[in-house]
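# Architecture and fold: a report
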Amino acid sequence: MNKTTPTSSEEFTLADLCVLADMPVRTVRYYVQIGLVDKPHGETRAARYHTHHLEQLLLVKKWTAAGVSLDRIRELLHGEDPPVPAKPQVAGSIEVRSHLTVADGIEIVIEPGRAGLTPEQLREFALGVMQIYADLTEKK
């Protein structure tokens, strides 16, 4: 049977699951530990994962790439409906932000998750801003 098109009755080792999800073993173990992915059937080297584990990992991967926090992903995996609304900022909350330095004295702060930007869109945005600035400064 082809491992790239799993069926619901298929079992995977941790190594197979990591290849299918294109994730490091350490990351998969962490997601299991914090409850984003269900625990495998069995323990240690005898542990087996199934299609639903792969589906969970692919969802987590998709949402993290979109900038969604792991806490929000946990909420979504436990029944809250997408689309993913931006969580309001509260005192003590931590956000990851990108700082684009355009030139001395010009900096743009971006929170990709709240802006709804994928990593590719963020790179394209940054390149566009840099090009606009270069065009403006050439006209001097």
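Just so you know, these numbers come straight off a predicted model, no measurement behind them.

### A look at the pairing of strand β2 (residues 106-110)
Where strand β1 (residues 98-103) and β2 come together, five bridges link them in antiparallel fashion. Looking at the pairing, alanine 103 lines up with isoleucine 106 of β2.

### Re the nonpolar core
By size, the foremost hydrophobic cluster in this structure holds 19 residues, and its most contacted members are Leu17, Met23, Val28, Tyr31, Tyr49, Leu57 and Ile73. Those elements giving two or more residues to this core turn out to be α1 (14-21), α2 (25-33), α3 (51-65) and α4 (70-77).

### Here we look at the packing of α1 against α3
Where α1 contacts α3, the two axes come as close as 10 Å, and the packing angle between them is 40°. If you check the angle between α1 and α3, you find them oblique. For the pair α1 and α3, the sense of crossing is right-handed. On the side of α1, the interface is formed by Leu17, Leu20 and Ala21, while α3 contributes His53, Leu54, Leu57, Leu58 and Lys61.

### Here's the deal with helix α6 (residues 119-138)
Here α6 spans 29 Å end to end across 20 residues, near enough to the 28 Å set by a 1.5 Å rise per residue. All of the buried residues in α6 are Leu122, Ala126 and Val129. The buried residues of α6 occupy an angular sector of 65° when the element is viewed end-on, so they sit on one face. Those residues of α6 that are exposed and aimed more than 90 degrees away from the buried face are Glu120, Arg123, Glu124, Leu127, Ile132 and Glu138.

### What about unusual backbone geometry?
In the Ramachandran plot, aspartate 22 falls in the positive-phi region, its phi being about 55° despite a non-glycine side chain. Summarising the element assignment, aspartate 22 is placed in the loop between α1 and α2.

Conventions and cut-offs
Residues numbered from 1 in each chain as written. Predicted model: local features only at pLDDT ≥ 70, side-chain atom pairs only at ≥ 80, totals over all residues. Heavy atoms only, no water. Pairing = 2+ DSSP bridges. Helix = DSSP H or I, 4+ residues; strand = E, 2+ residues; numbered from the N terminus. Core = buried A, V, L, I, M, F, W, Y, C linked by side-chain atoms within 4.5 Å. Buried < 20%, exposed > 50% of the residue type's maximum accessible area, 1.4 Å probe, protein only. Axes fitted to C-alpha atoms, helices over the stretch in contact; angles between N-to-C directions. Parallel < 35°, antiparallel > 145°, perpendicular 65-115°, else oblique. Left-handed = near helix turned anticlockwise from the far one by under 90°. Contact = heavy atoms within 4.5 Å. Expected span 1.5 Å × (residues − 1). Arc of directions from axis to C-beta.

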